[in-house]
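Structure at a glance
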Amino acid sequence: MSNIKDSHIKVKILLVIVVIGLFAILWKFGSEQNLHLDLNLTKGSANYSFAVDSCKNFTGIEKAKCYFDEGNLSNLNVSLEICRGLKQKFTSSDAVCLAKISSVVSRENPEIALSICDEVYNTSSDADGSVSMKCYENVVSFFSSDSGVEEICDKTFYPGVCYAVAARAQFYKNLTKALYFCSISGNVCFKQLARISKNSTQAIGFCNNVSVDYGDRDACFSTVVYNTMLIDEMEAEKIAGELNCCWSEIAFVLSARGDKRAIEVCDQHNTQECLRRILPNLGSVDKNFALSYCDNLSWDVDRDICYFALVRSIADSDLEYAINICGKTKFRDECYLATTVVIQNKSTAAKICESISHRHLKDLCYREINETIK
């Protein structure tokens, strides 16, 4: 009997030990989990505290941007208050600050970004509307509804530019909508679509919607030919032939590749603009060839223009050759000035400035060197 009783006591003691052991394990596991969680919270809190503390090292717009932390909307009001505190007489610092914050917010919440632009629009710091216009242009690309875009663009001084931004944003998503916005915007919008289109036929169609006034349509065609030339030379030449324009674009790309056929293209189509564009490129490839071409030009004005273009292209790589070319022109001092601006060695440039005889040009030369150094 005593043995049985002792056995029962031993079993109870064993069970108690097991329970205590399990409890200890569970407690340790829980403590580790809590500790892990606390460490994470502490780490996050420390990072946040560090980020906020570091913002105190900034001032003005940079401080506002720092608190905002690239889209952290929980700090938005802090940033906005900092921006509003920048308001001063005869400055637009507060408006610029608000517009910059709006630009970042637009990626996360376009509606809030728009409300910030409205605040800029209504502030006295943006009397000419230039800051709010940029603000609205940054936001409008995140809106797709006709009414939403129209409401935004109608608030700007140049609605056409605003509609062009909206059209560009819609180009790859909804071409019909993009064309609708362009129909409101006009030339600038169609030229922009022509620039980003990868299809030359489509791009020419956009250009045909551009008015012929002030050469706008020709400028649009030039963009198409240039972009096409970069990927398909034969197609570009075909387009230039059909449009009867834009050969200088073809010549320019050829010259950039070091292809002397660029000279033939310019001669064949007899455009002075073409010559001015290609000589700097060809001079870098074969200066003797480029110089002989300049020497053989019959009209002295064309010759001097050619020399100047060549000098600017080779001055940094062969200064002595460039200086000798300046001696061929009727405008030696002006040629020296053009040379000093492009060479990297400013101590040498200063010596060339000293060689200029015309006092005003000499002063201008020294000033140009200083501006380049800055």
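This one's a predicted model, so the numbers in the text were calculated from it and none came from an experiment.

Definitions and limits used
Every residue gets a number counted from 1 within its own chain, in the order that chain's sequence is written. Reporting in this predicted model follows two pLDDT cut-offs: at least 70 for local features of residues, and 80 or more for side-chain atom pairs to be given and counted; totals over whole chains, interfaces and linings ignore these cut-offs and use all residues. Just so you know, side-chain values use all the structure's heavy atoms and leave hydrogens and water out. The axes are straight lines fitted to the C-alpha atoms, using for helices just the contacting stretch, and the angles between their N-to-C directions are given from 0 to 180°. Numbered from the N terminus, helices here are DSSP runs of H or I no shorter than four residues, and strands are runs of E no shorter than two. Each angle gets one of four labels, with under 35 degrees taken as roughly parallel, over 145 as roughly antiparallel, 65 to 115 as roughly perpendicular, and the rest as oblique. In this scheme, a crossing is called left-handed if the near helix is turned counterclockwise away from the far one by less than a right angle; it is called right-handed if the turn is clockwise. Residue contacts follow a heavy-atom distance rule, with two residues in contact if any of their heavy atoms lie within 4.5 Å. In this classification, Asp, Glu, Lys and Arg are treated as charged, Ala, Val, Leu, Ile, Met, Phe, Trp, Tyr, Cys and Pro as nonpolar, and every other residue, Gly included, as polar. The definition used for a disulfide is geometric: two cysteine sulfur atoms within 2.5 Å. For the exposure calls, accessible area comes from a 1.4 Å probe over protein chains only, and a residue counts as buried if that area is under 20% of its type's maximum, exposed if over 50%, partly exposed in between. The salt bridge criterion pairs a side-chain nitrogen of Lys or Arg with a carboxyl oxygen of Asp or Glu, the two atoms within 4 Å. By convention a nonpolar core is built from buried Ala, Val, Leu, Ile, Met, Phe, Trp, Tyr and Cys residues, the set being connected through side-chain atoms within 4.5 Å. Note on ring pairs: Phe, Tyr and Trp rings are taken, using the six-membered ring of Trp, and paired if centres are within 6.5 Å. Classes follow the plane angle, with under 30 degrees stacked, over 60 edge-to-face and the rest tilted. To sit over a ring, a charge needs its Lys NZ or Arg CZ within 6 Å of the ring centre and within 35 degrees of the ring normal. Residue-level confidence of the predictor is summarised by pLDDT, bounded by 0 at the bottom and 100 at the top.

Re the packing of helix H7 (residues 146–153) against helix H9 (residues 175–185)
Direction vectors running N to C along H7 and H9 enclose 30°, while the axes themselves pass 12 Å from each other. In terms of orientation, H7 and H9 fall into the roughly parallel class. Remark: the crossing between H7 and H9 carries right-handed chirality. Counting all contacts with H7, which are made through Asp146, Val149 and Glu150, the residues of H9 involved are Lys177, Tyr180, Phe181 and Ile184. Of the residues assigned to the contact of H7 with H9, the class counts are 4 nonpolar, no polar and 3 charged.

Structural notes on the state of the cysteines
All chains considered together, the criterion is met by 11 disulfides. Here Cys153 is linked by a disulfide to Cys162, with a sulfur-sulfur distance of 2.2 Å. Judged by the sign of its S-S torsion, about -75°, the cystine formed by Cys153 and Cys162 is left-handed. Cys153 gets classed as buried once you look at its relative accessible area, which sits at 0%.

Observations concerning the pattern of salt bridges
Following the criterion strictly, the structure yields 17 salt bridges and no others. Look at the salt bridges and you will find they share partners, linking Glu233, Arg257, Asp259 and Arg261 into a network.

Some details on the nonpolar core
Residues Ile101, Val149, Ile278, Leu279 and Ile325 are the most contacted members of the largest nonpolar core, which totals 101 residues. Top element by residues in this core is helix H4 (residues 93–105). It accounts for 7 residues. If we skip the residues at most four places from it in the chain, Ile101 touches Ala64, Lys65, Phe68, Leu76, Ser79, Leu80, Cys83 and Ile116.

A word on unusual backbone geometry
For Tyr214, which is not a glycine, the phi torsion comes out positive at approximately 60°. For Tyr214, a relative accessible area of 83% gives the class exposed. One non-glycine residue, Cys246, adopts positive backbone phi at about 70°. With respect to the helices and strands, Cys246 occurs in the loop between helix H13 (233–243) and helix H14 (247–256).

Side note on the packing of aromatic side chains
Following the criterion strictly, the structure yields 6 aromatic pairs and no others. Ring plane angle 75° and centroid distance 4.8 Å describe the contact between Phe171 and Tyr172, whose orientation is recorded as edge-to-face. Note on Tyr226 and Phe252: the rings are 6.5 Å apart at their centroids and 40° apart in plane angle, and the pair reads as tilted. Taken together, the positions of Tyr226 in helix H12 (residues 216–229) and Phe252 in helix H14 put the pair 26 residues apart, joining distant regions of the chain. Connected via pairs of aromatic rings, a cluster forms that spans Tyr163, Tyr180 and Phe181. Residue placement shows Lys260 over the ring face of Phe289; its charged tip is 4.6 Å from the ring centre. Its guanidinium or amino end placed over the ring of Phe252, Arg277 lies 4.5 Å from that ring's centre, counting from NZ or CZ.

Side note on the confidence of the model for the protein chain
On average, residues of the protein chain score 82 in pLDDT, and 83% of them reach the 70 mark or higher. Long-range and interchain partners of residues 1–50, a stretch whose pLDDT sits below 50, account for 1 contact in this model, where long-range means more than four residues apart.

Notes on the environment of Gln192
Mapping Gln192 onto the fold places it in helix H10 (residues 187–196). By relative accessible area, which is 17% here, Gln192 ends up buried. On a C-alpha basis, the gap between Gln192 and Ala164 in space is 7.5 Å, while along the polypeptide they are 28 residues apart. Here Gln192 is in contact with Ala164, Val165 and Arg168, once residues within four sequence places are set aside.

Let's talk about H10
Those residues of H10 that fall on the buried side of the exposure criterion are Cys189, Phe190, Gln192, Leu193, Ala194 and Ile196. The inward-facing, buried residues of H10 abut helix H8 (159–170), H9, helix H11 (200–207) and H12.

Remarks on the side chain of Glu137
By the element assignment, Glu137 lies in helix H6 (residues 130–140). With near-sequence residues (within four places) excluded, Glu137 lies in contact with Val161, Cys162 and Val165.

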